[in-house]
Amino acid sequence: MSNIVGTSRTGDFAWTGTANPHDGWESISMAWLLLVIAIVLEVAATSMLPLTQEFTRFRVSAAVLVLYGGAFFLLANAVRQIDIGVVYALWSALGTAAVVALGVLFHGERVSRVKVAGLALTVVGIVAMNFGG
């Protein structure tokens, strides 16, 4: 984590320490939990997009926007403790896999060997790019 020295809107600050002063295991565990919840919210919002009927249905559209907002809020908090590359790798890989699975289960999308192979390659590629150094 990097040190922070700079100015705020209300004045100067010179706090030098890690980016998050709560570096204990509880904070790391909470960051991972926030990431998991963020992924769930993003997948739920994405899966609900067809139900908005091009954002003409107010309640469903509002729910989608709230879910996306919550997902990005939690994602922003998770990256305070977890490297952004790791966060984004998991966000994209798990989110993609979950949305494809939900599309098959609830939206009548077809499954083929090519689609499964493509999804597997996508997930493996995203993880390899971000964990491979």
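As a starting point, this report considers the structure included with it. (Residues numbered from 1 in each chain as written. Predicted model: local features only at pLDDT ≥ 70, side-chain atom pairs only at ≥ 80, totals over all residues. Heavy atoms only, no water.)

**Some thoughts on the environment of L49**
No. 1: Structurally, L49 is set in the loop between helix 1 (25-48) and helix 2 (58-78).
No. 2: Judged by relative accessible area, L49 falls into the partly exposed class, the value being 31%.
No. 3: Ignoring sequence-local partners within four residues, the contact set of L49 consists of F55, V64 and Y68. (Helix = DSSP H or I, 4+ residues; strand = E, 2+ residues; numbered from the N terminus. Buried < 20%, exposed > 50% of the residue type's maximum accessible area, 1.4 Å probe, protein only. Contact = heavy atoms within 4.5 Å.)

**Some points on the packing of aromatic side chains**
No. 1: Here the structure, examined in full by the defined rule, presents one aromatic pair.
No. 2: Consider the rings of F72 and W91, whose centres lie 5.5 Å apart with planes at 50°: the pair is tilted. Note that F72 is positioned in helix 2 and W91 in helix 3 (residues 84-106), a separation of 19 residues in sequence.
No. 3: Note on F72: relative accessible area 48%, which makes it partly exposed. (Phe/Tyr/Trp six-rings, centres within 6.5 Å; stacked < 30°, edge-to-face > 60°.)

**Examining the pattern of salt bridges**
Side chains bearing opposite charge may pair, as long as their charged atoms lie close to each other.
No. 1: Under the definition given, this model contains one salt bridge.
No. 2: K115 is the salt-bridge partner of E109, the closest N and O atoms lying 3.8 Å from each other.
No. 3: Residue K115 is classed as partly exposed on the basis of its relative accessible area of 34%. (Salt bridge = Lys/Arg side-chain N within 4 Å of Asp/Glu carboxyl O.)

**Re the nonpolar core**
No. 1: Counting 15 residues, the largest nonpolar core has L35, A38, I39, L75, I82, V87 and W91 as the members making the most contacts within it.
No. 2: Secondary-structure elements contributing two or more residues to this core are helix 1, helix 2 and helix 3.
No. 3: Broken down by element, the residue count for this core peaks at six residues, all from helix 1.
No. 4: Aside from chain neighbours lying at most four places away, what touches L75 is L35, A38, V87 and W91. (Core = buried A, V, L, I, M, F, W, Y, C linked by side-chain atoms within 4.5 Å.)

**Here we look at helix 2**
No. 1: In a regular helix each residue adds 1.5 Å, so 21 residues correspond to 30 Å; helix 2 covers 30 Å between its end C-alpha atoms and thus fits that length.
No. 2: Of all the residues in helix 2, the buried ones are V60, S61, V64, L67, A71, L74, L75 and A78. Considered in projection along helix 2, the buried side chains sweep an arc of 160° and stay on one side of the axis. Away from the buried face of helix 2 by more than 90 degrees, exposed residues F58, R59, L65, V66 and F73 are located. (Expected span 1.5 Å × (residues − 1). Arc of directions from axis to C-beta.)

**Section: helix 3**
No. 1: Its 23 residues place the ends of helix 3 31 Å apart at the C-alpha level, agreeing with the 33 Å of an ideal helix rising 1.5 Å per residue.
No. 2: Burial in helix 3 covers these residues: V86, V87, A89, L90, W91, S92, A93, G95 and G103.
No. 3: Just downstream of helix 3, G108 is the residue with a positive phi angle, here 70°.

**Let's talk about a nonpolar patch on the surface**
No. 1: Together, M30, L33 and I37 give the surface a local cluster of nonpolar side chains, amounting to about 250 Å² of exposed area.
No. 2: With respect to the helices, strands and loops of the structure, L33 is situated in helix 1. (Patch = residues over 30% accessible without salt bridge, like charges linked within 9 Å, V, L, I, M, F, W, Y side chains within 5 Å. Areas by Shrake-Rupley, 256 points an atom, 1.4 Å probe, with all protein chains shown as cover.)

**Brief notes about the environment of K115**
No. 1: Inspection of the secondary structure puts K115 in helix 4 (residues 113-131).
No. 2: Here the alpha-carbon distance between K115 and V100, two residues 15 residues apart in the chain, equals 9.3 Å.
No. 3: Apart from residues lying up to four places away in sequence, K115 is in contact with E109 and R110.

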